[in-house]
Amino acid sequence: MSVDLKQFHQVFIEESFEGLDAMENALMELNPEAPDSETINTIFRSAHSIKGGAGTFGFKRLADFTHILETLLDQIRSNSRGLDTNLVNLFLQSVDCMREMLDLIQQDSEEYPESARELKQKFEEVLNGDSKVASKPAQNNEQQNEDKPVCNILSRYKTWSIQFHPHSDIIRSGNDPLRILRELSRLGKLNCTQVYFDAPGLAEFDPDTCYLAWDLELRTSADLSEIEEVFEWVIDDSSVEIKEIKSDSVAHTRVNFKPHQDIYLSGNDPYRIIEELLINFEVIAIDVITDQLPELKSFNSEHCYLSWSIDLAGSFSQDDVLKAFEWVVDEAEIGFEKIEADEAKEPNQSDAENETDSKPANSNKTQAASDKAPSSGRKSTSSDASSIRVGIDKIDNLINMVGELVITQSMLGQLSTDFEMSKIPKLMEGLSQLELNTRELQESVMRIRMLPISFAFSRFPRMVRDLGQRLGKKIHLEMRGENTELDKTVMEKIGDPLVHLVRNAVDHGIELPEQRRAAGKDEEGHIILNAYHQGGNVNIEIIDDGKGLDRNVLIAKAIDKGLLSEQDAFALSDEQAFDLIFHAGFSTAKEVSDVSGRGVGMDVVKKNIHALNGNIELHSKMGEGSKIKISLPLTLAILDGQLVSVCDQTYIFPIVSIIESMQYKREAVNDIAGGCSVFMLRDEYVPVIKLHDIFNISKEKNSESQELMVVVESEGEKVGLVVDELQAQQQVVIKSLEENYHRVEGVSGATILGDGTVALILDIPGIVRLAGIDKVNEQVRELTFAHKNQEKKSA
Amino acid sequence: MQIDQNRIDVKVQQNGEHEDSSDTNDQYLTFIMADEEYGVDILCVQEIRGWESATPLPNAPAHIKGVINLRGTIVPIVDLRQCFGMEAIDYTPVTVVIVLKVYSDDGDRVMGIVVDAVSDVYSLSESDMRPAPDLGDAINTEFIRGLVNVDEKMVILLDINRLLNLDDIPNLNTLKDAVALSA
């Protein structure tokens, strides 16, 4: 009897991932000086069951790998081998490596990660007792391999000279030369070096005749056959000549790129920059300068010892090139040299040497570098299609609800068989029961999509530990409220922004131990991740006790960047000052390293969170630390809405955005120049928007005194919206307008009301934009400020 | 479901015919607007329903009448009369909405068009079709698939994928003139 084992693969992989998570957690807990035997047992058990599973399913390599791991662990378990930090690090690396192997298995790939081979070798060496030699071979390949993928890419990109001279009747044959050009430009970077235009006088001009011919230069990774394919249809109607240009004797510019040693620590990767150059410019040669390489024993794998000289051909301005280096200008020296034609041959030769040198495959350094950025992305794509695990209690709960629903239904059914007027109270009772049941059912179904936030938090202990170790900082990470539940889609989208914020806190927030001691703080920095429910929202806080943000530096920077005028800066509240960091202009490495650090891509974080209908706030105190608070809606599918009517139309406000509602009194409203009105809400001026005005709905009745005003909050600003009537509050299911139509400004979606009609859900920030209140708000802020000053004076 | 099956059958059959003869018979549903007869490919027609009031969209052009709830999906409604720059008329209980499936780059969309009345279903072959006369740059005839004579009467066949896909559905004041000229 044969059983198709394939059907169990997915289960095995999922279980193995869980085992690896358990292993990682246990390793993090492990204290190398005094290992707890139970923790070691946990690690051992995970490794053992992965090995067993891998053996059963015939993943021999994984089984072999875990076997060595298991042998080592077994020795530790039986106290025949001591444990040290190095070994724990090695184990942690092996966890990553096994994850990678599992990923490959999942993709049905036969590949064997290089890091696995190396790790295996190291483990074997540890087993054989000479752990000191263990790290040597890896370091040896490191610098050789550094440039290997670059050379590969380099040889992929070629420049072709294409002479495309269509015959004059090409258009009549149904071909369009423009289409060909378009196709070509899709292959790579297309330049037109010469256009021939051979037109007769206007009198003889025939629109169906092609008088044009082109000489083109195409820079592409495509090969000859691909280019020829483009011309496949016109080859009979034109003369086409394709030649490869060997650009070794052309005058070119040499860019000397000398990164500082700690470039990796700033999160940059020189390799990526070179790749960018390869795409955007015509790179003829790349030379690696290795003279900075230290002796092996002082080699630090986190440092960059290499520098590059890159030869670029063609014409471009230095600024264009500098753009590629935008992120690293502070971490590297960049120089330009013009090289004349004859000199150019030399680097080419050395390039060829390099190519032959670099035969050994990927080292773990290039692997690590390329893993850094995409790993999180890859993870999310693989988990996208995967299943979610639902607690059995949730399922039981659901079954109970359905049971009740069935009972209510049969009760109503019975009622209807011999219905008489006297039974109306009973019918009402049944219907309210039904309402209750459906709501509960809906809630439990929604709860299935909810996952505890520990799914997003779980990666942080490891990340903080690794980063802390690398930067030489002592950091204690505390996580609270890990069982707070959050919708799966929200969870997936919040992961990356959270990583970013935590990394910022570690990198820029927490100071080095000496600095902390000097500031009279505990040497160990604290980062707290806190998640909790509040109303219909989930709040996530990232609190650190580091150095905090310097308001004055931020403001100075903003003025410098032209984001702010000096007068405005004076009126800025602390909150508004910290808000500056979310500004797009603040998001380059340069600015941030001489402010207090925060801000690399903070605008991206903010954008992501706003896309989830969430909000982000930042509080900070110089020297005491910062607190970032993110609030997110529980789910994206259902919204608590306040129904309002405007001119017989029903609209829905998200309840979370409503602060209060009140009678709209014409007397209390003042018009300020610019066509906007404001009213006084306690001691604040709030702009007023009339919904029917900005939505262009014709208003028939003219009884403004009857109107109501809903005060809502939009991105930290209060706005009053005038409506006719408030109706019920209810939960609404969000339907997309974009599915069949396109985005409508001021509307975030639609829903279907109880009577089957469609009602639009309002997007408050969109409405504010629509009304152009943004600008008005500034005026209002000034007004409020002046008002407060006056009060102070009078007091 | 069954209807869908039939549609697929029709399609397959037509494709089959296409192999051996150029005389394909596409079926077109025609409708009347301002005494002129228009046709759309019947395979695009999802359903025909009576007019019911739609929820207007803020700041939408006049010919977008709003959105309706079609069994849980939100479907925009286009008034083809206004879209073509004809005089708007009051909707009556016999005013008809044709719900169409439009194929676009980012997936299928469902849209409704308001017309005066539904007329007939014709089987037309490609060879019966005349291209719309070129009326110069001022008049956009891109969305006219062709003109056909049926019983001495001209039918304007619309390419709804083009018509309803244009990012903003155009307000085609000029189409009427185009039709008048060609007739």
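Throughout, a residue's number is its position along its own chain's written sequence, starting from 1. Lettering of chains starts at A and numbering of ligands starts at 1, both following the order in which they are written. The predicted origin of the model limits local features to residues at a pLDDT of at least 70 and limits the giving and counting of side-chain atom pairs to 80 or more, whereas totals for whole chains, interfaces and linings rest on all residues. Note: side-chain values were computed over all heavy atoms of the structure, leaving out hydrogens and water.

## Description of the overall build of chain B
- If you tally the helices and strands in chain B, you get 4 helices and 10 strands.
- Put simply, DSSP H or I for four residues or longer makes a helix, DSSP E for two residues or longer makes a strand, and each gets a number counted from the N terminus. When the helices and strands of chain B are placed in sequence order, the string is α-β-β-β-β-β-α-β-β-β-β-β-α-α.
- Residue exposure (1.4 Å probe, protein chains only): buried if accessible area is under 20% of the type maximum, exposed if over 50%, otherwise partly exposed. Across the 183 residues that make up chain B, the buried fraction comes to 45%.
- Only heavy atoms enter the contact rule, under which two residues are in contact if any of them lie within 4.5 Å. A fraction of 59% describes how many contacts in chain B between residues 6 or more apart in sequence connect residues 24 or more apart.
- Surface accessibility of chain B: about 9300 Å² in total, with carbon and sulfur atoms responsible for 46%. Working definition of accessibility: Shrake-Rupley area with a 1.4 Å probe, residue cover restricted to the visible protein chains.

## Considering the overall build of chain A
- Each helix and strand counted, chain A has 28 helices and 26 strands in total.
- Of the contacts formed within chain A by residues at least 6 apart in sequence, a portion of 72% connects residues at least 24 apart.

## Things to note about the nonpolar core
- Only buried Ala, Val, Leu, Ile, Met, Phe, Trp, Tyr and Cys residues count toward a nonpolar core, and they belong to the same one when joined by side-chain atoms within 4.5 Å. Of all hydrophobic cores here, the largest spans 59 residues; its most connected members are B:F31, B:L80, B:F84 and B:L158.
- Top element by residues in this core is strand β6 (residues 96-104) of chain B. It accounts for 4 residues.
- If near-sequence neighbours (up to four positions away) are discounted, B:F31 is found in contact with B:E36, B:E37, B:Y38, B:V40, B:L80, B:I98, B:I113, B:V115, B:A117, B:V118, B:S119 and B:L158.
- Counting 42 residues, the second-largest nonpolar core is a separate cluster that includes A:L486, A:I527, A:L529 and A:L549.

## With respect to the sheet that holds strand β13 (residues 537-544) of chain A
Residues and elements named next belong to chain A.
- Taken together, 5 strands build an open sheet; the order of strands is β10-β12-β13-β15-β14 and the sheet is mixed. Edge positions in the sheet fall to β10 (475-480) and β14 (615-621), since each of these pairs with one other strand and no more. Neighbour-to-neighbour, the strand axes of this sheet turn through a mean angle of 10 degrees, independent of strand direction.
- Across the sheet, helix α18 (residues 460-471) lies against β10 and β12 (525-534), angled at about 165 degrees from β10, the strand it touches most.
- Lines are fitted to the C-alpha atoms to define the axes, a helix being fitted only along its stretch in contact, and any angle between axes, read from their N-to-C directions, falls within 0 to 180 degrees. Relative to the sheet, helix α25 (residues 602-611) contacts β14 and β15 (625-633), its axis offset from that of β14 by approximately 140 degrees. Two strands are said to pair when DSSP picks up at least two bridges between them.

## Quick word on a nonpolar patch on the surface
- Patch rule: a residue counts if its relative accessible area is over 30% and it has no salt bridge; like charges are joined within 9 Å, and nonpolar side chains (Val, Leu, Ile, Met, Phe, Trp, Tyr) within 5 Å. Any Lys or Arg side-chain nitrogen located within 4 Å of an Asp or Glu carboxyl oxygen qualifies as a salt bridge. Together, A:V195, A:F197, A:L202, A:F205 and A:L212 line one region of the surface with nonpolar side chains, adding up to about 520 Å² of accessible area.
- Relative to the assigned elements, A:F197 resides in strand β2 (residues 188-197).

## Digging into the interface of chain A and chain B
- Taken together, the contacts link 19 residues of chain A with 22 residues of chain B.
- When the two sides are added together, the surface that chain A and chain B hide from each other amounts to roughly 1700 Å², 59% of it contributed by carbon and sulfur.
- The buried area of a pairing is the accessible area, by a 1.4 Å probe, that goes missing from both parts when the two are put together, added over both. On the chain A side of the interface with chain B, the three residues burying the most area are A:N740, A:Y741 and A:V758, jointly 40% of the side's total.
- Here chain A is connected to chain B by 0 salt bridges.

## Examining the environment of A:N530
All names here are of chain A.
- Along the chain, the position of N530 falls in strand β12.
- For N530, a relative accessible area of 13% translates into the label buried.
- Setting aside residues no more than four positions away along its own chain, N530 makes contact with R480, N539, I540 and E541.

## Side note on the environment of A:R179
- In this structure, A:R179 sits in helix α8 (residues 177-187).
- A C-alpha to C-alpha distance of 9.4 Å links A:R179 and A:V230, two positions 51 residues apart in sequence.

## Here we look at the packing of helix α3 (residues 60-77) of chain A against helix α4 (residues 85-106) of chain A
Residue and element names in this part refer to chain A.
- At their nearest, the axes of α3 and α4 sit 11 Å apart, and the two run at 155 degrees to each other. Accordingly, the angle class assigned to the pair α3 and α4 is roughly antiparallel. Read as a crossing pair, α3 and α4 show a hand that is left-handed. Contact residues: L62, F65, T66, L69, L72, L73 and I76 in α3; L87, F91, S94, C97, M98, M101, L102 and I105 in α4. What sets the label is the angle itself: under 35 degrees gives roughly parallel, over 145 gives roughly antiparallel, 65 to 115 gives roughly perpendicular, and the rest give oblique. It is the rotation of the near helix from the far one that decides the hand of a crossing: anticlockwise by less than a right angle makes it left-handed, clockwise makes it right-handed.

## Side note on the packing of aromatic side chains
Residue and element names in this part refer to chain A.
- Between the rings of Phe, Tyr and Trp (Trp by its six-membered ring), a pair exists once the centres lie within 6.5 Å; its type follows the angle of the planes, with under 30 degrees stacked, over 60 edge-to-face, and the other angles tilted. Evaluated as defined, the whole model comprises 6 aromatic pairs over all chains.
- Between the aromatic rings of Y651 and F695, the centroid separation amounts to 5.5 Å while the plane-to-plane angle is 55 degrees, which identifies the pairing as tilted. Taken together, the residues Y651 in strand β17 (residues 649-654) and F695 in the loop between α26 (691-694) and β22 (708-714) connect sequence positions 44 residues apart.
- Y651 gets classed as buried once you look at its relative accessible area, which sits at 2%.

## Re the environment of A:R99
Residue and element names in this part refer to chain A.
- Mapped onto the elements of the fold, R99 is located in helix α4.
- We classify R99 as buried; its relative accessible area is 12%.
- A sequence separation of 86 residues divides R99 from I13, and the C-alpha atoms of the two residues are 9.5 Å apart.
- With residues up to four places along the chain from it excluded, the contact list for R99 reads F17, L20, D21 and E24.
- Residues adjacent in sequence count toward polar contacts only when both atoms are side-chain atoms; beyond that, a polar contact is any pair of N or O atoms within 3.5 Å, and within protein one must be able to donate a hydrogen and the other to accept it. Reaching out from R99, the side chain makes a polar contact with the side chain of E24 at a distance of 2.9 Å.

## Some remarks on the confidence of the model for chain A
Residue and element names in this part refer to chain A.
- Overall, the prediction assigns chain A a mean pLDDT of 75, with 79% of residues at 70 or greater.
- Across residues 342-385 the pLDDT falls below 50, and counting only partners more than four positions away or on other chains, this stretch makes 64 contacts in the model.
- Overall, residues 587-599 carries pLDDT values under 50, and its contacts beyond four positions in sequence, including any with other chains, amount to 42 contacts. How sure the predictor is of each residue is captured by pLDDT, a score from 0 to 100.

## So, the side chain of A:E541
All names here are of chain A.
- When you line up the elements, E541 lands in strand β13.
- When its relative accessible area of 6% is taken as the criterion, E541 is described as buried.
- Within the local environment of E541, its side chain forms a polar contact with the side chain of Y532, the two groups lying 2.8 Å apart.
- With near-sequence residues (within four places) excluded, E541 lies in contact with I528, L529, N530, Y532, K627, I628 and K629.

## Examining the sheet that holds strand β1 (residues 25-33) of chain B
Residue and element names in this part refer to chain B.
- Spatial ordering of the open sheet is given by β8-β1-β2-β10-β9, a layout of 5 strands whose pairing is mixed. This sheet does not close on itself; its edge strands, each paired only once, are β8 (117-125) and β9 (144-150). The mean inter-strand angle of the sheet, taken between neighbouring strand axes irrespective of direction, is 30 degrees.
- Inspection of the sheet shows β9 paired to strand β10 (residues 153-158) by 6 bridges, in the antiparallel sense. Across the sheet, the residue bridging to V150 is K153, located in β10.

## Topic: unusual backbone geometry
- In the Ramachandran plot, A:D648 falls in the positive-phi region, its phi being about 65 degrees despite a non-glycine side chain.
- Secondary-structure assignment places A:D648 in the loop between β16 (638-646) and β17.
- A relative accessible area of 69% places A:D648 in the exposed class.
- You will see that B:E152, though not glycine, has its phi angle at about 65 degrees, which is positive.
- The residue B:E152 is located in the loop between β9 and β10 in this model.
- B:E152 gets classed as exposed once you look at its relative accessible area, which sits at 82%.

## A look at the side chain of A:T408
Residues and elements named next belong to chain A.
- Counting through the fold element by element, T408 comes out in helix α15 (residues 392-417).
- Residue classification places T408 among the buried positions, given a relative accessible area of 4%.
- There is a polar contact of 2.6 Å between the side chain of T408 and the side chain of N437.
- If we skip the residues at most four places from it in the chain, T408 touches G430, Q433, L434 and N437.

## A look at the pattern of salt bridges
Residue and element names in this part refer to chain A.
- Following the criterion strictly, the structure yields 29 salt bridges over all chains and no others.
- Between E523 and K474 there is a salt bridge, with its nearest N and O atoms 3.1 Å apart. On the criterion of sequence distance, the pair formed by E523 in the loop between α20 (513-518) and β12 and K474 in the loop between α18 and β10 is long-range, its members being 49 residues apart.
- Residue E523 is classed as partly exposed on the basis of its relative accessible area of 24%.
- Among the ionic pairs, R769 bridges to E745, the shortest N-O distance being 3.4 Å. Taken together, the residues span a long stretch of sequence, with R769 in helix α27 (residues 764-771) and E745 in the loop between β24 (725-733) and β25 (747-752) at a distance of 24 residues.
- Classification of E745 by relative accessible area gives partly exposed; the value is 31%.

## Quick notes on a negative patch on the surface
- A cluster of acidic side chains, namely A:D223, A:E226, A:E229 and A:E232, defines a negative patch on the protein surface.
- By the element assignment, A:E232 lies in the loop between α9 (224-230) and β4 (238-245). The sign given to each residue is positive for Lys and Arg and negative for Asp and Glu; His and the chain ends receive no count. Charge placement uses NZ in Lys and CZ in Arg. For Asp and Glu, CG and CD serve respectively.

## Observations regarding the packing of α3(A) against helix α5 (residues 114-127) of chain A
Residue and element names in this part refer to chain A.
- The N-to-C vectors of α3 and α5 enclose an angle of 30 degrees; their axes lie 10 Å apart at closest approach. In terms of their interaxial angle, α3 and α5 are classed as roughly parallel. In the packing of α3 onto α5, the handedness of the crossing is left-handed. Packed against α3, whose contacting residues are D64, F65, I68, L69, T71, L72 and Q75, the element α5 presents A116, L119, K120, F123, E124, V126 and L127 at the interface.
- For the contact of α3 with α5, the residue count by class is 9 nonpolar, 2 polar and 3 charged. Charged means Asp, Glu, Lys or Arg here, nonpolar means Ala, Val, Leu, Ile, Met, Phe, Trp, Tyr, Cys or Pro, and polar covers whatever is left, Gly included.

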